[in-house]
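# An overview of the molecular structure
Below, each chain spelled out in residue letters.
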Amino acid sequence: MQRLSVAQARKEESIGKEALIQGWVRTRRDSKGGFSFLEINDGSCLNNVQVIADQNLSNYESDIKKLGTGACVGVVGTVEKSPAKGQATEVRAQSITVYGVSDPETYPIQKKGATFEFLRTIAHLRPRTNTFGAIARVRNCVCKSIHDFFQEQGFLYIHPPIITASDCEGAGQMFKVTTLDLEKPPRQGPSIDFTKDFFGRPAFLTVSGQLEAETLACAMGKVYTFGPTFRAENSNTARHLAEFWMVEPEMAFYDLEDNMTLAEAFIKRIITDALTRCEEDMKFFTERIDKEILSRLEGILKSEFLRLSYTEAVDVLQKSGQTFEFPVSWGADLQSEHERFLTEVHFKKPVILFNYPRTIKPFYMRVNDDGKTVRAMDVLVPGVGEIIGGSQREERLEVLEERMKETGLDPKGYWWYLDLRRYGTVPHSGFGLGLERTILFLTGMANIRDVIPFPRTPGSAEF
RNA sequence: UCCCCGAUAGCUCAAUGGUAGAGCAACCGGCUGUUAACCGGUUUGUUGUAGGUUCGAGUCCUACUCGGGGAGCCA
C-alpha cells in the first residue's frame, strides 16, 4: 500500500489512487446520513485532508464516532474528487486504524483559537496547531536556504566549538561549564581553583563562533558557521533567547562593502525561498498574523538596501523633528527607537548602518583612517530592528593589540587570534544573523518564544 | 535587572466592597455532503499563593510566584 502525505493527498493528481494516510484528527463532523467527516493533518502542509468515514466501516460505531481532536489514525482509502467546496480532493475510507485516542475532556487544544501565552505552557502539543506547524515548516525552509545560499557560492560549512575558554568580545554574560562540585568547590586561597576543573581552566558556552571562524577563513577563504549560541544575559524581551541559533559567515579578502553586498543578497535569498517554497504558510501568516507581511517582504525584494554611515544617521535623526525618549548625539549608541524610526518611518525599507564610533564597538572591528570610527555594520529591517551585526575585522597586529588594551582585554589570552595577524594576515569580514529573529521578520510573529519549539529564557526551561 | 499592566470554569473573558456569570469547548438530543457547521438542553469554580483591612473581599492593602507590554543589553 502506497503511503501518501496529506500534502500529496490534497493534490488533484492523486485522484484515483488507493493509499494509506496517517495523521492526527483535527475535527470530526457527523452526518445523520450515516457517515462522518474527519479532518486529518500530518504536518506535511497547513491544510487538512477530508476523510469520508462511512457507517459500513467495521469500527464505525465503536471507534470512529468517538474520535476526538488530537486522536491519531491511519486511513486506507481512495483519493476522490471532492464534490464540495473547500478542497480539491477527499479520501473515501475503506478502513481506519486508530493508533491512539485523545480524550476530549482533557486534551488542551481546541478547535477555536488559543492565545500564544497559553500554547507556550503546552509546548509539547503546540506543533499540532496551524500556526506552529507553519512556523516549523518556514524555519526548516530558512535553514535550507542558508545552506543553499552559502554552498552555491563556495562557502565551507565549519563547526566552531560550543564549549569555549575564551571570554570573547565581552558580549553578554556567559554560561559556565563545569564539573566541579558546586557544594564544595576546590579553592586556592579565597578563589575557586579552576585548574581542578574538567578543562583545567574556566570554560563557557559559546556566545559567538566568530573568532574561531576567523581562523578557518584565514585558511579556507569563505566559511560559515550555523549552530546554537548561548547568552546568559537576564534579558526579558520578545526578541531575546538564552539559547538561539546563529549563522556567521566569515570571508577572507572581503572588505566592508563586500560584506554589506553579501548580507543584502543573503536576506533577499531567504525571503525569496520562503515566498516560493512556503507559499501556503506565508499566505496563512498574512491572513492570520500580520496583514502586511507579504507586501512588506515583496517590497524589500524590490528595493535596494539603503547604506548610511552612523554619522549620516545621527544627522538624519537630529534633523527629523521627531522627539525621542533618548536624545541623539554623536558618540552614543543608537537606541531601539532610533533604529526603528530610520527603517520603519523615515526610509521605510531595510537600512545598513556602518562606520560606528570606535568607543561603542568591540576590539576586533577595523579602525578607519579617521581614527574615530570602526568598520562596523548593522542591518536594520522593519518590524524587527537589528537582524544582522557584522564588521570588517582589524587585520593589523599593532592596531589590534592597542584596541585590546583600550577595551581592557589581555592580549595574552588571545595569542592564537593575534597569530592570525602575525602570520600572513589578510583583510577579512563577516557578520552574524540570528535565525529566530529572521523567522520573526518573515512570519510577522511578535514573540521570539513562539518561533523556536522549546524556548530557553530566564527562569524558563520546561520541556 | 528596571518601569507599567495582569492572573476568575478546560479556553477567551465579565462581575458600583454585599449569594461568582457569559461565549466557546465538553456531554446529551435534533438537523445536515459537512468543512472554525448549525439548533436546543446539561455539567463545570479552594477567583495564582500567603498574610492583612472589613460585619462582609474576586474587588482594597502588603509580600511572593507566574505571565504580558515597554526599557536596557543584543542576534
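Residues numbered from 1 in each chain as written. Chains lettered and ligands numbered in written order. Predicted model: local features only at pLDDT ≥ 70, side-chain atom pairs only at ≥ 80, totals over all residues. Heavy atoms only, no water.

## Here's the deal with the nonpolar core
This is how it is decided: Nonpolar cores were defined as sets of buried Ala, Val, Leu, Ile, Met, Phe, Trp, Tyr and Cys residues, with membership established by side-chain atoms within 4.5 Å. With a 1.4 Å probe rolled over the protein chains alone, any residue whose accessible area is under 20% of its type maximum counts as buried; one over 50% counts as exposed, and the rest are partly exposed. Numbering of helices and strands runs from the N terminus, with a helix taken as a DSSP run of H or I at least four residues long and a strand as a DSSP run of E at least two residues long. We call two residues contacting when some pair of their heavy atoms lies within 4.5 Å.
Among the nonpolar cores identified, the biggest contains 61 residues, and Ile146 and Phe441 are the most heavily contacted of them. A total of ten residues in this core trace back to one element, the largest contributor, which is helix 5 (residues 256-277). Setting aside anything within four residues of it in sequence, one finds Phe441 in contact with Ile267, Ile271, Ile293, Leu297, Ile300, Val381, Pro382, Val384 and Ile387. Listed in part, the 30 residues of the second largest apolar core include Tyr310, Leu353, Phe363 and Leu380.

## A short note on the sheet that holds strand 15 (residues 306-309)
Hydrogen bonds between backbone groups are what pair the strands of a sheet, and the pairing can be parallel or antiparallel. This is how the line gets drawn: Whether two strands pair comes down to DSSP finding at least two bridges between them. All axes here are fitted lines through C-alpha atoms, helices being fitted over the stretch that makes contact, and every angle between N-to-C directions spans 0 to 180 degrees.
Strand order in the open sheet formed by eight strands is 7-13-14-19-18-17-16-15, and the pairing between neighbours is mixed. Since the sheet does not close on itself, it has two edges, and those belong to strand 7 (156-157) and strand 15, each with one partner. Relative to the sheet, helix 12 (residues 435-443) contacts strand 13 (222-230), strand 14 (243-252), strand 17 (373-381), strand 18 (385-392) and strand 19 (428-434), its axis offset from that of strand 19 by approximately 60 degrees.

## So, the protein's contact with RNA strand B
Selection rule: When we say a residue is near a molecule or strand, we mean one of its heavy atoms is within 4 Å of it. Throughout this description, a polar contact denotes any pair of N or O atoms lying within 3.5 Å of each other; where both atoms belong to protein, one of them has to be capable of donating a hydrogen while the other can accept it, and for residues adjacent in sequence the pair is counted only when both atoms sit in side chains. Only Asp, Glu, Lys and Arg are considered charged, only Ala, Val, Leu, Ile, Met, Phe, Trp, Tyr, Cys and Pro nonpolar, and every remaining residue, Gly among them, polar.
In the neighbourhood of RNA strand B, 49 residues make up the surrounding shell, with Lys85, Arg120, Thr237, Gln335 and Arg437 lying closest. Asn236 places a main-chain nitrogen or oxygen 3.3 Å from a base oxygen of RNA strand B. The contact in question runs from a phosphate oxygen of RNA strand B to an N or O atom on the side chain of Arg449, over 3.0 Å. Taken together, the elements giving at least two residues each to the surface near RNA strand B come down to strand 2 (18-31), strand 3 (35-41), strand 4 (49-54), strand 6 (89-100), helix 2 (116-120), strand 14, strand 18 and strand 19. The dominant element in the surface near RNA strand B, judged by the number of residues it contributes, is strand 2, at four residues. For the surface near RNA strand B, the per-class residue count stands at 13 nonpolar, 18 polar and 18 charged.

## Focus on the packing of aromatic side chains
Inclusion rule: We call Phe, Tyr and Trp rings a pair once their centres come within 6.5 Å, taking the six-membered ring for Trp, and we label the pair stacked below 30 degrees between planes, edge-to-face above 60, and tilted otherwise. Ring-over charges, as used throughout, are those where CZ of Arg or NZ of Lys falls within 6 Å of the ring centre and within 35 degrees of the ring normal.
Tallying each qualifying case throughout the model produces 19 aromatic pairs. On the basis of an interplanar angle of 80 degrees and a centroid distance of 5.1 Å, the ring pair of Phe149 and Phe150 is categorised as edge-to-face. Accessibility expressed as a relative area gives 4% for Phe149, which makes it buried. Measuring from ring centre to ring centre gives 4.8 Å for Phe150 and Phe155, while their planes differ by 55 degrees; the resulting arrangement is tilted. In this structure Phe150 comes out as buried when scored by relative accessible area, which is 0%. Take Phe155: its relative accessible area is 2%, and that puts it in the buried class. Each residue in the set Phe149, Phe150, Phe155, Tyr157, Tyr224, Phe266 and Phe431 is aromatic and connected to the rest through ring pairs, giving one cluster. Positioned above the aromatic ring of Tyr356 is the side chain of Lys361, whose terminal nitrogen or guanidinium carbon lies 4.3 Å from the ring centre. Directly above the aromatic system of Tyr417 lies the positively charged group of Arg421, at a separation of 4.1 Å from the ring centroid.

## Brief notes about the environment of Gly100
Residue placement: Gly100 occurs in strand 6. Considering only alpha carbons, one finds Gly100 and Trp24, 76 residues apart in sequence, at a separation of 9.1 Å. When near neighbours in sequence (up to four residues on either side) are disregarded, Gly100 contacts Ala71 and Cys72.

## Concerning the sheet that holds strand 12 (residues 203-205)
Read from one edge of the open sheet, three strands run 8-12-9, paired in antiparallel fashion. This sheet does not close on itself; its edge strands, each paired only once, are strand 8 (163-164) and strand 9 (176-177). Pairing geometry for strand 9 and strand 12, over two bridges, is antiparallel. Looking across to strand 12, one finds that Val177 is bridged to Ala203.

## Here we look at helix 7 (residues 293-302)
Selection rule: Along the arc lie the directions from the helix axis toward the C-beta atoms.
Listed in full, the buried residues belonging to helix 7 are Ile293, Leu297 and Ile300. Seen end-on, helix 7 carries its buried residues on one side only, within an arc spanning 60 degrees. On its buried face, helix 7 is in contact with helix 5, helix 6 (279-288) and helix 12.

## Focus on the pattern of salt bridges
Definition in use: Here a salt bridge means any side-chain nitrogen of Lys or Arg lying within 4 Å of a carboxyl oxygen belonging to Asp or Glu.
Following the criterion strictly, the structure yields 32 salt bridges and no others. Measuring nitrogen to oxygen at the nearest pair gives 3.0 Å for the salt bridge that ties Glu39 to Arg29. Note that Glu39 is positioned in strand 3 and Arg29 in strand 2, a separation of ten residues in sequence. Classification of Glu39 as buried rests on a relative accessible area of 14%. Judged by its relative accessible area of 36%, Arg29 is partly exposed. The salt bridge involving Lys268 is made with Glu264; its shortest N-O contact spans 2.8 Å. Remark: Glu264 and Lys268 occur in helix 5; sequence separation between them is four residues, near one turn of the helix. Shared partners join several salt bridges into a network, and the residues in it are Lys144, Asp148, Glu152, Arg269, Asp273 and Arg277.

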